[in-house]
Amino acid sequence: MRMTFSVAVTGASGYAGGEFLRLALQHPELEIGALTANASAGTTLGEHHPHLRALAPRVIEPTDAARLAEHDVIVLALPHGTSGPIAGQLPDNAIVVDLGADHRLESAADWTTYYGGDHPGTWAYGLPELIRAAGDRQRERLAEARRIAVPGCNVTAVTLGIQPGVAAGIIDPSDLVAVLSVGYSGAGKSLRQNLLASEALSSAAPYAVGGTHRHIPEIGQNLRAAGAGDVRLSFTPVLVPMSRGILATTTARLAPGLKGVDAAELRAAWVDAYCEERFVEVLPEGQWPTTAMVQGSNTALVQVAYDATAGRIVAVSAIDNLVKGTAGGAIQSLNLALGLPEHLGLPVNGVAP
Ligand SMILES: NC(=O)C1=CN([C@@H]2O[C@H](COP(=O)(O)OP(=O)(O)OC[C@H]3O[C@@H](n4cnc5c(N)ncnc54)[C@H](OP(=O)(O)O)[C@@H]3O)[C@@H](O)[C@H]2O)C=CC1
Ligand SMILES: CC(=O)N[C@@H](CCC(=O)OP(=O)(O)O)C(=O)O
């Protein structure tokens, strides 16, 4: 029996909300309902997302919990700290998907340290491919969920890149270094960085350097789920001149006691972890992911090697921050919660050039 589910999107004028709408338009079982936001209320969606032709005349409404509550699914694509208060006014039987950070962390102390204020709470974590050493599967949690917290985009890239090595006991999670090349759309439409094209187009710019990035505790949470004890991560994102994409290079020392690792065994750990995954692919030996290979798709590409000179594993992963890193990951988790096939409406193939 086919079922169609109505979806309201709040934060519809932003990048994450817009990308959710782009994917929802191609989803056979989702029907787009209310579109709400804040300052842009009263304008048309076409003024903000001229690429979404089918929705261009739709008028953005002010955000009102009672209006959102008329839908089966409510997507919160809001700045962090904003979704918590709205979520509290939504009915229990609606499925609420938060694309922001408010409900991702299990530790209230981590929330206060990295975001400030009171912790809004913890929801089912929207990364179906998360490895859980305890044996339970993330997919089962999501299938029962009515509240879903979609991961941070950088978190998705690093977690998918390195978690097989943690789960297989090959790497030492207390000595991780991640350096990420990230596209500007990750910052959202509001100008948090200096986005003058004349400056951005000719520069690579690190930010949140020195252990301050808010995604650090979330990555630690994921790797502990995969079996890590003490997680120590040096994390440095670098803005590069592209609108979408994340390329995460994560290196790790070998687990204590391991003197070296055979290249075939190393790759086998990653291939085994993802062999049944539709949206995570370990590339053939010798091929390395690029952001161009995943643009517009819900695919994460991963490759791994051992640097014998440095004594470190090198894992490289690429995602489109707005698709697998946000809206695509959200629909994948939402499909599970709705009892639909996990892949429904989601592109494995990207766009090029
Ligand atoms: N961009 C990305 O790659 C990713 C983003 N995310 C998360 O998704 C969320 C949205 O990010 P993004 O789309 O990039 O940000 P944008 O700045 O592009 O959009 C923010 C949206 O939130 C709306 N908004 C702001 N304040 C309120 C409010 N008080 N009530 C209702 N609506 C409000 C804005 O409306 P208006 O225009 O009317 O002010 C706008 O639609 C954030 O939490 C972000 O961290 C997560 C992963 C990746
Ligand atoms: C380029 C840029 O600024 N990217 C954002 C990632 C966006 C994201 O994942 O945001 P939330 O975790 O806050 O939802 C950042 O690094 O913070």
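Quick caveat: nothing in here was measured; it's all calculated off a predicted structure.

Student: Explain the overall build of the chain here, please?
Tutor: Regarding its fold elements, the chain presents eleven helices and 14 strands. In terms of overall size, the chain behaves like a compact globule, its C-alpha atoms giving a radius of gyration of 20 Å where 353 residues would be expected to give roughly 20 Å. Dimensions along the principal axes, computed over C-alpha positions, put the chain at roughly 60 × 50 × 40 Å. A burial count over the chain gives 48% of its 353 residues as buried. A separation threshold of at least 6 residues defines the contact pool for the chain, and within that pool the share at least 24 residues apart is 72%.

Student: Help me understand the site of ligand 1, please; the structure alone is not making it clear to me.
Tutor: Around ligand 1, 32 residues are found, and the nearest of them are G14, A37, S40, G100 and G188. Elements represented by at least two residues in the shell around ligand 1 include exactly α1 (15–25) and α11 (323–338). The element contributing the most residues to the shell around ligand 1 is α1, with three residues. Among the residues making up the shell around ligand 1, the classes are represented as twelve nonpolar, 19 polar and one charged. Of the domains in this structure, domain 1 (5–151 + 324–338) and domain 2 (154–321) are the two that each give at least three residues to the shell around ligand 1.

Student: What is the right way to look at the pairing of strand β8 (residues 171–182) in this model?
Tutor: Look at any regular strand and the pattern is simple: side chains alternate between the two faces of the sheet. Examined bridge by bridge, β8 and strand β11 (residues 246–254) share eight bridges and lie antiparallel to one another. Residue pairing in the sheet places V179 in a bridge with T249 of β11. Where β8 meets strand β10 (residues 233–239), seven bridges bridge the pair, whose relative direction is parallel. When the bridges of β10 are listed, A178 appears paired with F235.

Student: Can you walk me through unusual backbone geometry in this structure?
Tutor: If a residue is not glycine, its phi is most likely negative; likewise, a peptide bond is most likely trans. Residue P353 follows A352 across a cis peptide bond; omega there is 0°. With respect to the helices and strands, the residue P353 is situated in the segment after α11.

Student: Can you walk me through the nonpolar core in this structure?
Tutor: For soluble globular proteins, the rule of thumb is that nonpolar side chains tend to be buried together. Formed by 97 residues in total, the largest nonpolar core has its most connected members in F20, V75, L76, V97 and I148. Here this core gets eight residues from one element, more than from any other, and that element is helix α7 (residues 153–167). Looking at which domains feed residues into this core, each of domain 1 (5–151 + 324–338) and domain 2 (154–321) gives three or more. The residues contacting F20, other than those within four sequence positions of it, are V9, V75, A77, A327 and A330.

Student: Where do I start with the pairing of β10 in this structure?
Tutor: Burial of the side chains of β10 is restricted to one face: L233, F235, P237 and L239 are buried, whereas none of S234, T236 and V238 on the reverse face is. In the sheet, strand β9 (residues 205–206) pairs with β10 via two bridges, with the strands oriented antiparallel. If you follow A205 over to β10, its bridge partner there is L239.

Student: Got a minute to help me understand the UniProt feature "active site" (unreviewed entry) in the chain in this structure?
Tutor: Under the present numbering, the feature "active site" (unreviewed entry) in UniProt falls on C153. Along the polypeptide, C153 turns up in helix α7. Taking the number of C-beta atoms within 10 Å as the measure of exposure, C153 has 28 and is therefore buried. When residues no more than four places from it in sequence are discounted, the contact partners of C153 are G186, I246, N321, G325 and T326.

Student: Whenever I open this one, the domain arrangement of the chain confuses me. Can you help?
Tutor: For an interface, size is often stated in terms of accessible area lost upon the parts coming together. When its domains are assigned, the chain resolves into domain 1 (5–151 + 324–338) and domain 2 (154–321). On a C-alpha basis, the centres of domain 1 and domain 2 stand 24 Å from each other. Each partner contributes to the interface: domain 1 provides 23 residues, whereas domain 2 provides 29 residues. Those elements that provide at least two residues to the side of domain 1 that touches domain 2 are α5 (108–114) and α11. The biggest single contributor to the side of domain 1 that touches domain 2 is α11, with six residues. Here the residues of the side of domain 1 that touches domain 2 are counted per class, giving ten nonpolar, seven polar and six charged.

Student: Would you mind going over the site of ligand 2 with me for this structure?
Tutor: Residues in contact with ligand 2, as listed here, are H80, G100, A101, G152, C153, N154, V182, G186, A187, H215, P237 and L239. Of all the secondary structure elements, the ones that give two or more residues to the shell around ligand 2 are α7 and β10. Residue classes in the shell around ligand 2 are distributed as six nonpolar, six polar and no charged.

The rules behind these values
Residues numbered from 1 in each chain as written. Chains lettered and ligands numbered in written order. Predicted model: local features only at pLDDT ≥ 70, side-chain atom pairs only at ≥ 80, totals over all residues. Helix = DSSP H or I, 4+ residues; strand = E, 2+ residues; numbered from the N terminus. Rg over C-alpha atoms; globule rule 2.2 N^0.38 Å. Buried ≥ 20, exposed ≤ 12 C-beta atoms within 10 Å, placed from the backbone. Contact = placed C-beta atoms within 7 Å. Near = placed C-beta within 6 Å. Nonpolar A, V, L, I, M, F, W, Y, C, P; charged D, E, K, R; others polar. Domains from an automatic or database assignment. Pairing = 2+ DSSP bridges. Core = buried A, V, L, I, M, F, W, Y, C linked by C-beta atoms within 7 Å. UniProt positions renumbered as here; feature names shortened; annotations may be inferred.

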